[in-house]
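Given next are the chains, with one letter for each unit.
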Amino acid sequence: MITKRWAKAAAIRCIKTIAQAAIAMIGTSIALSDVDWVLVLSASLLAGLLSLLTSLAGLPEVPEETDEPAE
């Protein structure tokens, strides 16, 4: 199930999710000095972990391999 192609696709999704979570957390602050960087890091890493766990259910960009021969 976990192939090199899957790992690459899951890593790309994870990095994008981490970046999006960080942007959202930073965006909620009024000024850059008001950003709680520990919270930003914590929430972003949690989002990345959840992204990887969700990827275990399947990635649409990586077709599932079956034991059946192709026609």
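All values derive from a computational prediction rather than experimental measurement.

A. Molecular detail of the overall build of the chain. A tally of helices and strands in the chain yields 2 helices and 0 strands. Burial analysis of the chain (71 residues in total) assigns 21% to the buried set. Sequence separation of 24 or more characterises 70% of the internal contacts of the chain that already satisfy a separation of 6 or more.

B. Examining a nonpolar patch on the surface more closely. A surface patch of nonpolar side chains, amounting to about 560 Å² of accessible area, comprises Ile-2, Leu-46, Leu-49, Leu-50, Leu-53 and Leu-56. Using a relative accessible area of 47% as the deciding quantity, one classes Leu-53 as partly exposed.

C. Summary view of the side chain of Ser-55. Tracing the backbone through its elements, the reader meets Ser-55 in helix H2 (residues 37–55). For Ser-55, the residues in contact, after removing those within four places along its chain, are Trp-6, Ala-10 and Arg-13.

D. Molecular detail of the packing of helix H1 (residues 4–27) against H2. The N-to-C vectors of H1 and H2 enclose an angle of 150°; their axes lie 8 Å apart at closest approach. Regarding the angle of H1 to H2, the classification is roughly antiparallel. The chirality of how H1 crosses H2 is right-handed. Contacts between H1 and H2 pair Trp-6, Ala-10, Arg-13, Cys-14, Thr-17, Ile-18, Ala-21, Ala-22, Met-25 and Ile-26 from the former with Trp-37, Leu-39, Val-40, Ala-43, Ser-44, Ala-47, Gly-48, Ser-51, Leu-52 and Ser-55 from the latter. Classifying every residue of the contact of H1 with H2 gives 14 nonpolar, 5 polar and 1 charged.

E. Molecular detail of the environment of Thr-28. Along the chain, Thr-28 turns up in the loop between H1 and H2. Looking at Thr-28, its side chain comes within polar contact range of the main-chain oxygen of Met-25, at 2.7 Å.

Thresholds applied
Residues numbered from 1 in each chain as written. Predicted model: local features only at pLDDT ≥ 70, side-chain atom pairs only at ≥ 80, totals over all residues. Heavy atoms only, no water. Helix = DSSP H or I, 4+ residues; strand = E, 2+ residues; numbered from the N terminus. Buried < 20%, exposed > 50% of the residue type's maximum accessible area, 1.4 Å probe, protein only. Contact = heavy atoms within 4.5 Å. Patch = residues over 30% accessible without salt bridge, like charges linked within 9 Å, V, L, I, M, F, W, Y side chains within 5 Å. Areas by Shrake-Rupley, 256 points an atom, 1.4 Å probe, with all protein chains shown as cover. Salt bridge = Lys/Arg side-chain N within 4 Å of Asp/Glu carboxyl O. Axes fitted to C-alpha atoms, helices over the stretch in contact; angles between N-to-C directions. Parallel < 35°, antiparallel > 145°, perpendicular 65-115°, else oblique. Left-handed = near helix turned anticlockwise from the far one by under 90°. Nonpolar A, V, L, I, M, F, W, Y, C, P; charged D, E, K, R; others polar. Polar contact = N/O pair within 3.5 Å; in protein donor to acceptor, adjacent residues only side chain to side chain.

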